[in-house]
Amino acid sequence: MRRFTVITITYNAEAVLQRTLQSVLRQTYRGVEHLIIDGASTDGTLAMAETYKTTSDAADCGHKVIIHSEPDHGIYDAMNKGLTQASGDYLVFMNAGDCFPEADTLEQIVHRCRLTEVPSDELPGVLYGNTNVVDNDGRFLYPRRLQPPPQLSWRSFRQGMLVCHQAFYARTDIAKNLQYDLRYRFSADVDWCIRVMRETERLGLPLYNIGIVVANYTEEGTTTRNHRASLLERFDVMRRHYGLLSTLMMHAWFVVRSALRMVSER
């Protein structure tokens, strides 16, 4: 059986954590390791996580829940801790407030990607899918504007982050060797995804489009609240991977595209 490691980063997240925990608990697929990496929360987050662990153990659903709580140096430091501890074939970050859209989402991924039919060393380096945006109560709002292409490569992100972080399943043996770059406060996830895809290409492994919605997420995160700083970091990430001239040309196109969209919506 192929195993998934779901990594959930939390800090004082009791207001939004429950739907994330419930969406993992109700997954019908049994091969799930759920790592909850907490930054020493002072609200009810840890009590909620412990109750969830007890419920999951009692349900005998084949899920292993591990809770780790200690101070950290920000979300990407916490994500690196999750990478270090992950033991599944694939890992995905499903943070507090995010959730799987269906109870059989992981079952569908295994079936659609034929993961049980492929030898471990030939498994795709990345599995990726679509995402929907939900409100703070978990209600559907709209599909994410940027949609993944049929064929993804590390060069695809020149056009923006076409695959949401929560819909990006990385092979664990690749991901564990590529820690998040803590120089970035808001865009280390973009850099990390590009590096995972570059390593996947270097190894001659495919990137597989799952072809379904695999995550619901809210847009009101740290990056949204720090939009300008995030854009500056993202420019630096793209410059490092794609070169200055290519990055300048793509950002000029982003400006034109945004202006055209505003005109069409009038």
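Residues numbered from 1 in each chain as written. Predicted model: local features only at pLDDT ≥ 70, side-chain atom pairs only at ≥ 80, totals over all residues. Heavy atoms only, no water.

A. Summary view of the nonpolar core. If you look at the biggest cluster of nonpolar residues, it comprises 74 residues, and the most contacted ones within it are Phe-4, Ile-109, Phe-157, Phe-168, Tyr-169 and Trp-192. Per-element accounting of this core gives the leading share, seven residues, to helix H6 (residues 188-202). Setting aside chain neighbours within four positions, we find Phe-157 in contact with Leu-152, Leu-162, Val-163, Val-190, Cys-193, Ile-194, Met-197, Met-238 and Tyr-242. (Core = buried A, V, L, I, M, F, W, Y, C linked by side-chain atoms within 4.5 Å. Buried < 20%, exposed > 50% of the residue type's maximum accessible area, 1.4 Å probe, protein only. Helix = DSSP H or I, 4+ residues; strand = E, 2+ residues; numbered from the N terminus. Contact = heavy atoms within 4.5 Å.)

B. Representation of helix H8 (residues 227-242). The terminal C-alpha atoms of H8, which comprises 16 residues, lie 22 Å apart, in line with the 22 Å expected from a rise of 1.5 Å per residue. Listed in full, the buried residues belonging to H8 are Ser-230, Glu-233, Val-237, Met-238, His-241 and Tyr-242. Looking straight down H8, one finds its buried side chains confined to an arc of 145 degrees; they lie on one side. Facing away from the buried side of H8 by over 90 degrees, the exposed positions are Arg-228 and Leu-232. Count one or two residues on from H8 and you reach Gly-243, which has phi positive near 95 degrees. (Expected span 1.5 Å × (residues − 1). Arc of directions from axis to C-beta.)

C. Just unusual backbone geometry, in detail. The backbone of Asn-12 sits at a positive phi, close to 45 degrees, despite the residue not being glycine. Topologically, Asn-12 is positioned in the loop between strand E1 (4-10) and helix H1 (14-25). Classification of Asn-12 as partly exposed rests on a relative accessible area of 31%. At Asp-60, a residue that is not glycine, the phi angle is positive and equals roughly 50 degrees. Along the chain, Asp-60 falls in the loop between helix H2 (45-59) and strand E3 (63-69).

D. Layout of H6. Between the first and last C-alpha of H6 there are 21 Å, a value that for 15 residues agrees with the 21 Å anticipated at 1.5 Å per step. Taken as a whole, H6 has its buried residues at Ala-188, Asp-189, Val-190, Asp-191, Trp-192, Cys-193, Ile-194, Val-196, Met-197 and Thr-200.

E. Local environment of the pairing of strand E5 (residues 126-134). Burial runs high along E5: nine of the nine residues are buried. Direction of pairing for E5 relative to strand E7 (residues 168-171): antiparallel, over a ladder of three bridges. In the strand pairing of E7, Val-126 is matched with Ala-170. By the bridge criterion, seven bridges tie E5 to strand E8 (residues 207-217) in an arrangement that is parallel. Following the sheet pairing, Thr-131 is matched in E8 by Ala-215. (Pairing = 2+ DSSP bridges.)

F. Expanded view of the pattern of salt bridges. In the structure shown here, the tally under the stated rule is twelve salt bridges. A salt bridge links Asp-89 to Arg-2; its shortest N-O distance comes to 3.9 Å. Of this pair, Asp-89 sits in the loop between helix H3 (75-85) and strand E4 (90-93) while Arg-2 sits in the segment before E1, and the two are 87 residues apart along the sequence. Of the charged contacts, one joins Glu-201 and Arg-155 as a salt bridge, the two residues approaching to 2.9 Å between their closest N and O atoms. Separated by 46 residues along the polypeptide, Glu-201 in helix H6 and Arg-155 in the loop between strand E6 (140-143) and E7 bring together distant segments of the chain. Taking relative accessible area as the criterion, Glu-201 reaches 37% and is therefore assigned partly exposed. The exposure class assigned to Arg-155 is partly exposed, which follows from its relative accessible area of 35%. (Salt bridge = Lys/Arg side-chain N within 4 Å of Asp/Glu carboxyl O.)

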